[in-house]
Amino acid sequence: MLSAANKKQQCFQRVSKNRQIYESVILRVQITLDEKGNLINAKLTKGNQDDRSVVPQMTADMTGFLFADKGYISRELFLRLLARGLKL
């Protein structure tokens, strides 16, 4: 017979193991669309990866205007994109 402490420990171990499994499979989809809503580019990233890290790669062939959530655009990223000819 297991004591209450042992039962709690086993339960905690199961929850921790399940949590690690779930954290390891979290993915995000980053997409770029044209003005008509057509898909230009898509990239899968890890759930803990910074969204801004893929912007230069995903917009490498783009020119003109780029629309994005202001909260995602850092000053450094803004200046890098502006130097490449993208206006935000």
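Residue numbers run consecutively from 1 along every chain, following the written order of its sequence. Where totals are concerned, whole chains, interfaces and linings use all residues; where local detail is concerned, this predicted model gives features only for residues with pLDDT of at least 70, and gives and counts side-chain atom pairs only at 80 or more. To get the side-chain values, all heavy atoms of the structure are used, and hydrogens and water are removed first.

S.K.: I'd like a rundown of the overall build of the chain, residues and numbers included.
M.R.: A tally of helices and strands in the chain yields three helices and four strands. Only DSSP runs of H or I covering at least 4 residues are called helices, and only runs of E covering at least 2 are called strands; the numbering of each starts at the N terminus. Mapped in sequence order, the helices and strands of the chain form the string α-β-β-α-β-α-β. A burial count over the chain gives 17% of its 88 residues as buried. Long-range pairs, those at least 24 residues apart, make up 17% of the contacts in the chain with a sequence separation of at least 6. As displayed, the chain offers around 7,400 Å² of accessible surface, 55% of which is attributable to carbon and sulfur atoms. A simple rule labels every residue: compare its accessible area, found with a 1.4 Å probe on the protein chains alone, to the largest value its type can have, and call it buried under 20%, exposed over 50%, or partly exposed in between. Residues are treated as being in contact if the distance between any of their heavy atoms lies within 4.5 Å. For the area figures, the Shrake-Rupley method with a 1.4 Å probe applies, and any residue is considered shielded solely by the protein chains shown.

Keep in mind these values describe shape, not function.
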